[in-house]
Amino acid sequence: MHRRRRTALVLTAAIAAAAPLLTACGNDAHPGAAAVVGGQRITVSQLEERVGEVRAAQRAAVRDDAQYQQAIAGTGTLTRDTLHTMILDRVLHRAAQDAGVTVTRREIQEMRSGLEEQAGGAKALETTWLQQYGIPPERLEENLRLQLEAQKLARKLGTDTNRPEFWKALSEASKDLNVDLNPRYGTWDVQKSSRADAKTPWVRDVSAAQAQAQRNM
């Protein structure tokens, strides 16, 4: 399997049961909103705050300006990618709820402990998640909850997270939530549950993440 597909679970096949729908919101309809998901606004200020968390973590992780500028250059689409993540997180959570999937605090801690052991400690795991996925340390457990939701949803559907059946469930949740994206940030494809022209640094194949953690030891 292609490495990028394993690590980012990029959808490569159309979901036949759902028709594509591209929607966008203008500033007149939703002033100050980067997107509206399920009637709830993701404000531009909230988006900027999330981007700031990543930049602050990148700044703390390097020793000099040259390294920091290199990190910024490598994440030039961070704002749009971050918005994509924020929307898709909500879509996944809705799909999991619809399927009756829940995740406990204990399950999150167990996953984190296992990944920390493989990575060589808590700091090493935080560094891997920041560098590979753009997840700052303060968002790590939130992201692990979503990983678990994805895994449990796939099992509930009798499939796995790189199969069309899984993405069909996300497509249906995306449609129900009526994602409305500010055209400044692109458009939202309901069929693919993806922002148009966005990369997909979101649900990761945890086995691939574990392998990456081991390589960084």
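Residues numbered from 1 in each chain as written. Predicted model: local features only at pLDDT ≥ 70, side-chain atom pairs only at ≥ 80, totals over all residues. Heavy atoms only, no water.

Engineer: Tell me about the packing of helix α5 (residues 105-119) against helix α6 (residues 122-133), and please be specific about residues and values.
Structural biologist: Taken N-terminus to C-terminus, the directions of α5 and α6 make an angle of 95°; their axes are 7 Å apart at the nearest point. Compared by their axis directions, α5 and α6 come out roughly perpendicular. Counting all contacts with α5, which are made through Arg112, Leu115, Glu116 and Ala119, the residues of α6 involved are Ala122, Ala124, Leu125, Glu126 and Trp129. Grouping the constituent residues of the contact of α5 with α6 by class yields six nonpolar, no polar and three charged. (Axes fitted to C-alpha atoms, helices over the stretch in contact; angles between N-to-C directions. Helix = DSSP H or I, 4+ residues; strand = E, 2+ residues; numbered from the N terminus. Parallel < 35°, antiparallel > 145°, perpendicular 65-115°, else oblique. Contact = heavy atoms within 4.5 Å. Nonpolar A, V, L, I, M, F, W, Y, C, P; charged D, E, K, R; others polar.)

Engineer: Please give an account of the packing of aromatic side chains that cites residues and values.
Structural biologist: Going through the model one piece at a time under the given rule, you end up with two aromatic pairs. Taken together, a centroid distance of 5.6 Å and an interplanar angle of 85° make the contact between phenylalanine 166 and tryptophan 167 edge-to-face. For phenylalanine 166, a relative accessible area of 0% corresponds to the buried category. Classification of tryptophan 167 by relative accessible area gives buried; the value is 3%. (Phe/Tyr/Trp six-rings, centres within 6.5 Å; stacked < 30°, edge-to-face > 60°. Buried < 20%, exposed > 50% of the residue type's maximum accessible area, 1.4 Å probe, protein only.)

Engineer: Summarise the pattern of salt bridges; cite the residues concerned and give the values.
Structural biologist: Across all of its chains, the model carries twelve salt bridges by this definition. Across the pair arginine 139 and glutamate 53 runs a salt bridge whose closest N-O atoms are separated by 2.8 Å. Here the residue arginine 139 occupies a position in the loop between α6 and α7 (140-156), and glutamate 53 occupies one in helix α2 (residues 44-61), the gap between them amounting to 86 residues. Of the charged contacts, one joins glutamate 116 and arginine 112 as a salt bridge, the two residues approaching to 2.8 Å between their closest N and O atoms. Of this pair, glutamate 116 and arginine 112 both sit in helix α5, separated by four residues, roughly a single helical turn. Using a relative accessible area of 14% as the deciding quantity, one classes arginine 112 as buried. By sharing partners, the salt bridges in this structure join Arg105, Arg112, Glu116, Glu126 and Glu141 into a single network. (Salt bridge = Lys/Arg side-chain N within 4 Å of Asp/Glu carboxyl O.)

Engineer: Talk me through the side chain of glutamate 126; I want residue IDs and the actual numbers.
Structural biologist: Relative to the helices and strands, glutamate 126 resides in helix α6. Non-local contacts of glutamate 126, meaning those with residues more than four positions away in its chain, are made with Arg112, Ile135, Pro137 and Leu140.

Engineer: An account of the sheet that holds strand β3 (residues 40-43) is requested, with residue identities and associated values reported.
Structural biologist: Strand order in the open sheet made by the three strands is β3-β2-β4, with antiparallel pairing throughout. Edge positions in the sheet fall to β3 and β4 (180-181), since each of these pairs with one other strand and no more. Bridging between strand β2 (residues 33-37) and β3 involves four bridges; their strand directions are antiparallel. Each bridged residue has a counterpart across the sheet, and for alanine 33 the counterpart in β3 is threonine 43. (Pairing = 2+ DSSP bridges.)

Engineer: Can you lay out the nonpolar core for me, pointing to particular residues and giving the numbers?
Structural biologist: Ranked by size, the top nonpolar core spans 34 residues in total, and within it Leu83, Ile87, Val91, Phe166, Leu170 and Trp188 carry the most contacts. For this core, the elements supplying multiple residues, two or more each, are β2, α2, α4 (78-98), α7 and α8 (164-177). If one sorts the elements of this core by residue count, α4 sits on top with nine residues. Non-local contacts of leucine 83, meaning those with residues more than four positions away in its chain, are made with Ala34, Ala35, Ile42, Leu47, Leu181 and Tyr185. Within the second largest apolar cluster, eleven residues are counted, among which are Ala119, Trp129, Ile135 and Leu140. (Core = buried A, V, L, I, M, F, W, Y, C linked by side-chain atoms within 4.5 Å.)

Distances and angles like these do not, on their own, reveal function.
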